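# Working through the structure, step by step
Chain by chain, the residues:
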Amino acid sequence: MELDLFIPFAILIVLVVYFIYSRSKFEKEIVDLYEKKFDEWKENSDLTVSNEKKVCKELVGLVYKEEYNISIELLDDSVSSPLQRGKFSIKDK
């Protein structure tokens, strides 16, 4: 009589242990896969380029057209010498 309940209980315990083991193994494989993908992403990403100093546009003056004359109002005086030397470029849209 005691053996009748022992066999299903033993099978149940074996299944529970197997499921716990297989789930922990699956989770470890998934974590390793994502860590590998993250390392590949870090190698191929532009993080090294973003650490370098980027050249950004900065508003330093305004250009006005008054009838036939063009006047430039400077917001930053540090660009007056390149303007006087003629070191600028014109872009049309």
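Only a predicted model underlies this, so the values are computations on that prediction, with no experimental measurement involved.

To continue, consider the overall build of the protein chain. When helices and strands are counted, the protein chain shows three helices and two strands. The linear arrangement of helices and strands in the protein chain, starting from the amino end, is α-α-β-β-α. In terms of C-alpha radius of gyration, the protein chain reaches 36 Å, well past the compact-globule figure of 12 Å for 93 residues. C-alpha extents for the protein chain along the principal axes are approximately 110 × 25 × 25 Å. The proportion of buried residues among the 93 residues of the protein chain is 1%. Accessible surface for the protein chain amounts to roughly 9,800 Å². Of this, 60% is attributable to carbon and sulfur atoms. Between the centroid of the 14 positive side chains of the protein chain and the centroid of its 18 negative side chains there is a distance of 7 Å.

What follows deals with the packing of aromatic side chains. To describe a pair of aromatic rings, one takes the distance between the centres and the angle between the planes. In the structure shown here, the tally under the stated rule is two aromatic pairs. Ring geometry for Tyr18 against Phe19: centres 5.7 Å apart, planes inclined by 55 degrees, an arrangement best described as tilted. When the centroid spacing of 5.8 Å and the interplanar angle of 20 degrees are considered together, the rings of Phe38 and Trp41 count as stacked. Taken as a pair, Phe38 and Trp41 lie in helix α1 (residues 2-44) at a separation of three residues, close to a single helical turn.

Pairs can form between side chains of opposite charge whenever their charged atoms are close. By the definition in use, this model includes two salt bridges. A salt bridge links Arg23 to Glu27; its shortest N-O distance comes to 2.9 Å. You can see Arg23 and its partner Glu27 sitting in helix α1, four residues apart, about one turn around the helix.

So, about the side chain of Ser45. Its location among the elements puts Ser45 in the loop between α1 and α2 (47-51). When its relative accessible area of 16% is taken as the criterion, Ser45 is described as buried. A polar contact is formed between the side chain of Ser45 and the backbone oxygen of Lys42, at a distance of 3.2 Å.

Per-residue pLDDT for the protein chain averages 86, and the proportion of residues at 70 or more is 92%. When the elements of the protein chain are averaged for pLDDT, α2 gives the smallest value, 57, and α1 the largest, 93.

Before going further, it helps to examine the pairing of strand β1 (residues 61-66). Pairing between β1 and strand β2 (residues 69-74): six bridges, direction antiparallel. Along β2, the bridge assignment pairs Glu66 with Asn69. Between β1 and β2, which follow one another and run antiparallel, lie two residues, and Glu67 among them has a positive phi close to 50 degrees.

Conventions and cut-offs
- Each residue is numbered by its place in its chain's sequence as written, counting from 1.
- Per-residue local features are limited, in this predicted model, to residues with pLDDT of at least 70; the limit for side-chain atom pairs, both in listing and counting, is 80 or more; totals at the level of whole chains, interfaces and linings are taken over all residues.
- In computing side-chain properties, one takes all heavy atoms of the structure into account and sets aside hydrogens as well as water.
- Here a strand is any run of E in DSSP of at least two residues, a helix any run of H or I of at least four, and the numbering for each starts at the N terminus.
- Within these notes, the globule rule equals 2.2 Å times the number of residues to the 0.38 power, and the radius of gyration is based on C-alpha atoms.
- Relative accessibility under 20% of the residue-type maximum defines a buried residue, over 50% an exposed one, and the middle range a partly exposed one, all with a 1.4 Å probe and only protein chains included.
- Each accessible area is a Shrake-Rupley result for a 1.4 Å probe, and residues are judged covered by the shown protein chains and nothing else.
- Only four residue types enter the charge count, namely Lys and Arg as positive and Asp and Glu as negative; His and the chain termini do not.
- Charge positions are represented by NZ for Lys, CZ for Arg, CG for Asp and CD for Glu.
- Any two of the Phe, Tyr and Trp rings considered here, Trp counted by its six-membered ring, make a pair once their centres fall within 6.5 Å; the pair's planes then place it as stacked at under 30 degrees, edge-to-face at over 60, or tilted in between.
- The salt bridge definition used is simple: a Lys or Arg side-chain nitrogen within 4 Å of an Asp or Glu carboxyl oxygen.
- Distance and chemistry together define a polar contact, namely a pair of N or O atoms within 3.5 Å, with one atom able to donate a hydrogen and the other to accept it when in protein, and with adjacent residues in sequence counting only for side-chain atoms on both sides.
- Summary of the metric used: pLDDT quantifies the predictor's per-residue confidence within the range 0 to 100.
- Pairing between two strands is assigned when DSSP locates at least 2 bridges connecting them.

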